[in-house]
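Examination of the molecular architecture
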2 protein chains.
Amino acid sequence: MSSQTTSRPRGRPSAPVLSRERITRAAIRIVGTRDYRHLTMAALARELGVSTSALYNHVSSKRDLLVMIQESLNGEIDCSSFETKPWHEALWDWAVSYRLCFIRHTALIPVMAVLPVADSPRTLEMYERVTRGLDEAGIPEDQTVDVIVGIEALVFGAAYDASAPQNIFDPGGRADLAPVFTRAAARRPADARTAADRAFELALGAQIAGLRARFGTA
Amino acid sequence: MSSQTTSRPRGRPSAPVLSRERITRAAIRIVGTRDYRHLTMAALARELGVSTSALYNHVSSKRDLLVMIQESLNGEIDCSSFETKPWHEALWDWAVSYRLCFIRHTALIPVMAVLPVADSPRTLEMYERVTRGLDEAGIPEDQTVDVIVGIEALVFGAAYDASAPQNIFDPGGRADLAPVFTRAAARRPADARTAADRAFELALGAQIAGLRARFGTA
DNA sequence: ACCTGAACACCGTTCAAGT
DNA sequence: ACCTGAACACCGTTCAAGT
């Protein structure tokens, strides 16, 4: 009895061309060099040298693909400070790293912001580390998640701001409509990125200072 | 000489069916009753009883349309408190009203967040009132815009959060990955909207408290 | 000036057919 | 199991043709 014989044809079993990992890497390659608008299923397939429909053997939808990218990205967010620094400093480091990660991926924010954590193990892992850090610092258990959500909201909004065009606060011909604002806007750093960084750091510093005042500085 | 005679045909000059105002109102009607995914140029034309291509006599692109909606919406944001209350209370009222306005319009956030103010007179007007309020309260002129940008970032992120699905923080089968987080998440209000409101108010309160500490409570 | 109808160049997604 | 090629149901946008 040749029970060893499998039903698969003899000779080298042809390994599949695609995998979720290869697809994710190719997608990140595309959005890394070009824009998110260029990340189409067709472009992705071309990058991988397969037909578009082949992708659907590994990915259930484009949204699924975006979640995979987000998962991979989330691994780069640094929450190691919660192991070594006081909670308010760790919160700062985390937020800074978080924002940096999403500035070049604002297209993922609408996905990430409403994604059930159950669908994203790495996000869950990140939340766990931050929650534990806040918990051990004595933040009341029924508010640790609120603290996280609040910081995250600022981070997402600030990531958009940092990806805005250079002249976003230039009133153009309508300066007469807003003289005080126009003068104040002209006082900001000329480089848009520098201006955005400063605004984020002011807001983050204020928010964390407010949290310290509320929960104690321990 | 019948110099009075115009080149337009005699009789009642047929008034145009469309206008930017009518188009904007129809668009708001659609997103008010249905989802933003249903706001297509074809659906909008059908709502107005014209052909799709007719829209392009009044609107240059779908992005243009979204900006028009945003303009109209911005008129509903309340910054009147800056005329009557101390700056920190006015900032609170403004942020609350701002967020409320965008919770049902998160699709506009990517547009609004990177829109040059020159393209949006009403946004400019809003910024003017807020800047003036902060200016008169003694916030240094070179930081008023940063304060606004920081509050706005929180507002946009919080609007996303408030529009997230009910079970967003339910770890599902992966509770083992995040025991501390799971316990903390279970402590939040059952109603997602209530939970989101509380998180926003904690963050906003903290941020404003931090700003007061920085700039003085005058 | 303003509207219609047809066409264009895309999208994401499905599916029968092959191996 | 995994891939191809063709097809489908949409998108936003353009444009010649009409009034």
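Right above here is the structure, for reference.
About the thresholds
For every chain, the first residue of the written sequence is number 1, and numbering continues from 1 onward in sequence order. Whichever chain is written first is A, and whichever ligand is written first is 1; the rest continue in order. Predicted model: local features are reported for residues with pLDDT of at least 70 only, side-chain atom pairs are reported and counted for 80 or more only, and whole-chain, interface and lining totals are derived from all residues. Hydrogens and water molecules were not included; the side-chain quantities draw on all heavy atoms of the structure. Each helix is a run of DSSP H or I of at least 4 residues and each strand a run of E of at least 2, with the numbering of both proceeding from the N terminus. It is over C-alpha atoms that the radius of gyration is taken, and the globule rule equals 2.2 Å times the number of residues to the power 0.38. Think of it in three bands: with a 1.4 Å probe and only protein chains considered, a residue is buried below 20% of the maximum accessible area for its type, exposed above 50%, and partly exposed in between. Superposition of the copies used a least-squares fit over C-alpha atoms from residues whose pLDDT is at least 70 in both. By definition, residues are in contact when any of their heavy atoms lie within 4.5 Å. Comment: axis = line fitted to C-alpha atoms, over the contacting stretch for helices; angle = value between 0 and 180 degrees taken between N-to-C directions. Should an angle fall under 35 degrees it is taken as roughly parallel, and over 145 as roughly antiparallel, whereas 65 to 115 is taken as roughly perpendicular and any remaining angle as oblique. Each residue is assigned to one of three groups, with Ala, Val, Leu, Ile, Met, Phe, Trp, Tyr, Cys and Pro labelled nonpolar, Asp, Glu, Lys and Arg labelled charged, and all others, Gly among them, labelled polar. The arc refers to the directions leading from the helix axis to the C-beta atoms. Residues belong to a common nonpolar core when they are buried Ala, Val, Leu, Ile, Met, Phe, Trp, Tyr or Cys residues joined through side-chain atoms within 4.5 Å. When at least one non-hydrogen atom of a residue lies within 4 Å of a molecule or strand, that residue is treated as near it.

Let's shift gears to the overall build of chain A. Looking only at helices and strands, chain A features 9 helices and 0 strands. Put simply, chain A runs from its N terminus to its C terminus through helices and strands in the order α-α-α-α-α-α-α-α-α. Relative to the compact-globule value of 17 Å for 218 residues, chain A shows a C-alpha radius of gyration of 23 Å, a clear excess of over 25%. In terms of principal-axis extent, the alpha carbons of chain A reach across some 85 × 50 × 25 Å. Here chain A holds 218 residues, and the buried ones make up 50% of them.

Of the transformation placing chain A onto chain B, the axial shift is 0.0 Å and the rotation is 180°, giving an RMSD of 0.0 Å. These values place the two chain copies in the arrangement generated by a two-fold rotation axis. Of the residues that chain A buries at the interface, 100% are likewise interface residues in chain B, meaning the two copies contact each other through the same surface.

Let us look at the packing of helix 9 (residues 192-215) of chain A against helix 9 (residues 192-215) of chain B. Contact pair helix 9 of chain A / helix 9 of chain B: the axes reach a minimum separation of 6 Å and the direction vectors enclose 100°. Comparing their axes, helix 9 of chain B and helix 9 of chain A come out roughly perpendicular. Where helix 9 of chain A approaches helix 9 of chain B, its residues Leu202, Ala203, Ala206, Gln207, Ala209, Gly210, Leu211, Arg214 and Phe215 of chain A are matched on the opposing element by Leu202, Ala203, Ala206, Gln207, Ala209, Gly210, Leu211, Arg214 and Phe215 of chain B. Of the residues belonging to the contact of helix 9 of chain A with helix 9 of chain B, the class tally is 12 nonpolar, 4 polar and 2 charged.

Glancing now at helix 8 (residues 179-186) of chain A. Val180, Phe181, Ala184 and Ala185 of chain A are the residues of helix 8 of chain A that are buried. In a view along the axis of helix 8 of chain A, the buried residues occupy a sector of 130°, so they form one face of it. The secondary structure elements touched by the buried residues of helix 8 of chain A are helix 6 (121-136) and helix 7 (144-162) of chain B.

Before going further, it helps to examine the nonpolar core. Among the nonpolar cores identified, the biggest contains 154 residues, and Leu91 and Trp94 of chain A together with Leu91 and Trp94 of chain B are the most heavily contacted of them. With residues up to four places along the chain from it excluded, the contact list for tryptophan 94 of chain B reads Ile77, Asp78, Cys79, Phe82, Met126, Val130, Ile148 and Ile151 of chain B.

Residue and element names in this part refer to chain A. Tracing the chain through its elements places arginine 193 in helix 9. Distance from arginine 193 to proline 165, taken between C-alpha atoms, is 9.3 Å for residues 28 residues apart in sequence. Setting aside its immediate chain neighbours within four residues, arginine 193 contacts Arg99, Leu100 and Ile103.

Quick look at the protein's contact with DNA strand C now. Lining the immediate environment of DNA strand C, one finds 17 residues, of which Tyr56 of chain A together with Val17, Ser51, Ser53 and His58 of chain B sit closest. Sugar and phosphate atoms constitute 58% of the interface atoms of DNA strand C, taking the interface as everything within 4 Å of the protein. Here the residues of the surface near DNA strand C sort into 8 nonpolar, 8 polar and 1 charged.

Read these as layout, nothing more, since geometry by itself doesn't imply function.
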